[in-house]
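A structural walkthrough
One-letter residues, chain by chain:
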Amino acid sequence: MLEDIDARIANELAADGRCSYTDLAERVGLSVSAVHQRVRRLEQRGVIRGYAARIGGEEIGLPLTAFVSLTPIDPAAADDYPSRIAHLRQVEACYSVAGVESYILKVRVPTPSALEALLAQIRAAANVSTRTTVVLSTPFEDRPPLVASQA
């Protein structure tokens, strides 16, 4: 858990990563130098892991999003699936999960045939069976977490 002021800073930056130190200081009620120091400490502690642009899939020609669940064909096989599929750039995220599946992948591709080809690549590279859920629409995505404070 974070101190209240650090949680407020983290929440502000999660909502607007391009916020200037001046604006951030105004929003949380500190001086610019105090905010700068606190942001640096949050970065050093790994609370803030980076700043990135969120790219719209449809706008760059990747309108099809799917979730692909991986189940090992051989339950005794080494659990090295993430390294086996790391080279597949269409895989946006890889989550280790509890349950029947071992991992769930978030993928983005341009067409259904590209998804079919990617599934074949995943199966071949990782020696897994897959179950795919195609996303029809995305009411919201990339919501910043609500950073809790000690207070």
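Structure report, in brief. Model, not experiment: these values are computed from the prediction.

1. Considering the overall build of the protein chain
Per the secondary structure count, the protein chain includes 5 helices and 4 strands. Taking 151 residues into account, the globule formula puts the C-alpha radius of gyration at 15 Å, and the protein chain, at 20 Å, lies well above it. Taken along the three principal axes of its C-alpha coordinates, the protein chain extends 55 × 40 × 25 Å. The buried share of the protein chain, taken over its 151 residues, is 29%. Look at the contacts in the protein chain between residues 6 or more apart in sequence, and 61% of them connect residues 24 or more apart. Summed over all atoms, the accessible surface of the protein chain reaches about 9,700 Å², with 52% contributed by carbon and sulfur.

2. Comments concerning helix H2 (residues 21–28)
Among the residues of H2, Leu-24, Ala-25 and Val-28 are the ones counted as buried. On an axial view of H2, the arc spanned by its buried residues comes to 100°, and they lie on one face. Lining the buried residues of H2 we find helix H1 (4–15) and helix H3 (32–44). Directly after H2, the chain includes Gly-29, whose backbone phi takes a positive value near 80°.

3. Observations regarding the packing of H1 against H2
The geometry of H1 relative to H2 is characterised by a closest axis approach of 10 Å and an angle of 130° between their N-to-C directions. Here H1 lies oblique to H2, going by the angle between them. Here the hand of the crossing between H1 and H2 comes out right-handed. Residues Ile-5, Arg-8, Ile-9, Glu-12 and Leu-13 of H1 pack against Leu-24, Arg-27 and Val-28 of H2. Taken together, the residues that form the contact of H1 with H2 break down as 5 nonpolar, no polar and 3 charged.

Parameters at a glance
Residues numbered from 1 in each chain as written. Predicted model: local features only at pLDDT ≥ 70, side-chain atom pairs only at ≥ 80, totals over all residues. Heavy atoms only, no water. Helix = DSSP H or I, 4+ residues; strand = E, 2+ residues; numbered from the N terminus. Rg over C-alpha atoms; globule rule 2.2 N^0.38 Å. Buried < 20%, exposed > 50% of the residue type's maximum accessible area, 1.4 Å probe, protein only. Contact = heavy atoms within 4.5 Å. Areas by Shrake-Rupley, 256 points an atom, 1.4 Å probe, with all protein chains shown as cover. Arc of directions from axis to C-beta. Axes fitted to C-alpha atoms, helices over the stretch in contact; angles between N-to-C directions. Parallel < 35°, antiparallel > 145°, perpendicular 65-115°, else oblique. Left-handed = near helix turned anticlockwise from the far one by under 90°. Nonpolar A, V, L, I, M, F, W, Y, C, P; charged D, E, K, R; others polar.

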